[in-house]
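Listed here are the chains, written in short residue letters.
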Amino acid sequence: MPKTPNLQSDDYYEILGCERNADEAQLKKAYRKLAVKWHPDKNPDNDEATTKFQKISEAYATLSDKQKRQIYDQYGAEAANQMGEGGMPGGGFGFPGGGGGGGGVHHMSPDEAQAFFSTMFGESDPFGGMFGGSMGGGMGGPGMSFRSSMGRGGPANFSSSFGSAGGGMDPISMMLGGMGGMGPGMSMGSMGPGMSMGSMGPGMSMGGMGPGMSMSGMGPGMRSSMGSSAPPAKRFDAIPIGTVVSLKGLVNASDRNGDRGVVKQYIPSTGRYVVELEDSDSTMSVKPSNLLQHVHVRIHNVESKPEFNGKTGTIITWCPSKERYNVYIIALKKVVSLKPNNVVLETGTVAQVTGLASKPELNGKWGTIKEWIRESGRYEVQLSPQQIIRVKMENMRV
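The structure presented is a predicted model; accordingly, all values stated were derived computationally and were not measured.

### Quick notes on the packing of aromatic side chains
Counting across every chain of the model gives eight aromatic pairs. With centroids separated by 4.7 Å and ring planes inclined at 15°, the aromatic side chains of Y31 and Y60 adopt a geometry described as stacked. Taken together, the residues span a long stretch of sequence, with Y31 in helix α2 (residues 24-38) and Y60 in helix α3 (residues 47-63) at a distance of 29 residues. Their ring planes at 65° and their centres at 4.9 Å tell us that W318 and Y325 sit as a pair that is edge-to-face. Side by side, W318 and Y325 carry an identical accessibility label, which is buried. What links up through ring pairs into an aromatic cluster is the set Y12, Y13 and Y72.

### Some thoughts on the confidence of the model for the protein
Scored by pLDDT, the protein has a mean of 75; 67% of the residues are at 70 or more. For the stretch residues 93-104, pLDDT sits under 50, and the model shows 33 contacts to residues farther than four places along the chain or on other chains.

### Overview of the sheet that holds strand β18 (residues 366-373)
Read across the open sheet, the five strands follow the order β20-β19-β18-β17-β21; overall the sheet is antiparallel. Each of the sheet's edge strands pairs with one partner strand only, and the pair in question is β20 (388-392) and β21 (396-397). Where β18 and strand β19 (residues 378-382) come together, five bridges link them in antiparallel fashion. Pairing of T368 across the sheet is with Q382, part of β19.

### What about the nonpolar core?
One finds L16, Y31 and I56 to be the most contacted residues of the largest nonpolar core, which totals 34 residues. Only α1 (12-16), α2, α3, α4 (66-75), α5 (77-80) and α6 (110-119) provide two or more residues apiece to this core. Counting residues in hydrophobic clusters, the runner-up holds 30 residues, among them V295, W372, V381 and V391.

### Observations concerning the pattern of salt bridges
As enumerated under the stated definition, the model contains 12 salt bridges in all. Through salt bridges that share partners, D11, R20 and D73 make up one connected network.

### Side note on the packing of α2 against α3
Two elements in contact, α2 and α3, have axes whose closest approach is 9 Å; the angle formed by their N-to-C orientations is 165°. Considering the angle they form, α2 stands roughly antiparallel to α3. Here the hand of the crossing between α2 and α3 comes out left-handed. Facing L27, K28, Y31, L34, A35 and W38 of α2, the residues of α3 in contact are A49, K52, F53, I56, S57, Y60 and L63. By residue class, the composition of the contact of α2 with α3 is 10 nonpolar, one polar and two charged.

### Quick notes on the sheet that holds strand β11 (residues 291-293)
Reading across from one edge, β10-β9-β8-β7-β11 is the order of the five strands in this open sheet, with antiparallel pairing throughout. Every interior strand has two partners, whereas the edge strands, β10 (283-286) and β11, have only one. With strand direction ignored, the average angle separating the axes of adjacent strands in the sheet is 45°. Looking at chain direction, strand β9 (residues 272-277) and β10 are connected through four bridges and run antiparallel. Of the residues in β10, the one forming a bridge with Y273 is V286.

### A closer look at the side chain of K37
As for its placement among the helices and strands, K37 is situated in helix α2. Once you skip the residues sitting within four places of it in the chain, K37 turns out to touch K42, N43, D255, N257, G258 and D259.

### A short note on α4
Those residues of α4 that fall on the buried side of the exposure criterion are K68, R69, I71 and Y72. Here the buried residues of α4 occupy an arc of 165° about the axis, which is enough to place them on one side. In α4, the exposed residues that point more than 90 degrees away from the buried face are K66, Q70 and Q74. Buried residues along α4 sit in contact with α1, α2, α3 and α5. By the N-cap criterion, in which a side-chain oxygen at the helix start approaches the backbone nitrogen of a residue two or three places on, α4 is capped by D65, the distance to Q67 being 3.1 Å.

### Some words on unusual backbone geometry
In this structure, N301 is a non-glycine residue whose phi angle is positive, near 55°. Residue class for N301 comes out partly exposed when judged on its relative accessible area of 44%.

### Examining α2
Given a rise of 1.5 Å per residue, 15 residues ought to cover 21 Å, and the 21 Å separating the end C-alpha atoms of α2 matches this to within 8%. Among the residues making up α2, those that are buried are L27, K28, A30, Y31, R32, L34, A35, V36, K37 and W38. Lining the buried residues of α2 we find α1, α3, α4, α6 and β8 (260-267). Measuring from the side-chain oxygen of the N-cap residue of α2 to the backbone nitrogen of A25 gives 3.2 Å; that N-cap residue is D23.

Scoring rules and cut-offs
Residues numbered from 1 in each chain as written. Predicted model: local features only at pLDDT ≥ 70, side-chain atom pairs only at ≥ 80, totals over all residues. Heavy atoms only, no water. Phe/Tyr/Trp six-rings, centres within 6.5 Å; stacked < 30°, edge-to-face > 60°. Helix = DSSP H or I, 4+ residues; strand = E, 2+ residues; numbered from the N terminus. Buried < 20%, exposed > 50% of the residue type's maximum accessible area, 1.4 Å probe, protein only. pLDDT = per-residue confidence, 0-100. Contact = heavy atoms within 4.5 Å. Pairing = 2+ DSSP bridges. Core = buried A, V, L, I, M, F, W, Y, C linked by side-chain atoms within 4.5 Å. Salt bridge = Lys/Arg side-chain N within 4 Å of Asp/Glu carboxyl O. Axes fitted to C-alpha atoms, helices over the stretch in contact; angles between N-to-C directions. Parallel < 35°, antiparallel > 145°, perpendicular 65-115°, else oblique. Left-handed = near helix turned anticlockwise from the far one by under 90°. Nonpolar A, V, L, I, M, F, W, Y, C, P; charged D, E, K, R; others polar. Arc of directions from axis to C-beta. Polar contact = N/O pair within 3.5 Å; in protein donor to acceptor, adjacent residues only side chain to side chain. Expected span 1.5 Å × (residues − 1).

What follows is the structure, given as structure tokens:
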């Protein structure tokens, strides 16, 4: 069972929650998870988070350097931090404005911690999880990982008995490549009228076939056994399965605030979501108000910084005091503070109606963004199968 990080400790291994024999991949995974949780831009106006972020960065900066780690293991932090890059004398962490030289332990400054963080992720998005392309990579090692999560665009970490590119049947080809040439033991149900199927192998089964259907070339031992089952009705008011989220505002489990996870299930009877926590088998049942979605956005109409416009970013937090999002711009590797009307939520995002004066009864409802209409600066939002509304950008929030 993994150790729990101890951010009150001065021991670098305990800070990261790693054993002293942890390998490089384990150290990287621990740093990524903790640094994203306590990043100052994700925790605005929180001095405690800034201090923890510095400690996490300092610990990993030392332990990720083989020579510094060896010296730390033998002699402690003061000796390790007297070594420069690559084990050369000099001290500090190799970033402009840092300390170094004199005696004692040099602790990372906020600027050094930020600079170190920005160097660790290359072109990937540290905040976006699977949407940022760093689910299994990130800093050249393990990133955010879940066990068989389904994202909006398709499976993440998908595995099954079909096998992979190295052998076995490609599940996508099997589903989309037609009905011929199916192998033994496969089954098919509820085909509609006028459909045909050929070259099915032995032992295959088929059920629920309608009138006018024909089958040819069926091998011996085939049978019709499967019936049809209606798919669940589509919901427009539930956050999609596979969405990467952070927990917030929890009272009874406040230590979990800031932890990331993925939405696994929506339970209509309770209005809660089942969230699988990052790098864990454990799940939590939480209210929508305790979730922050890390969705992709497109930046729009920022007059003071036109170079931002058209760039893609990831929402990392909402700042209630400023009524702004903090958005990580992937191409620029920087965080900016933006008003909701400068942030275009992607199609398919499920957001909450807020601040609607003309129809206050809709405030608090959730709906799926179907389209952003540039000319009017409004979203077309589907609240239910029967109800579609158009609202201003500032009236939808994730």
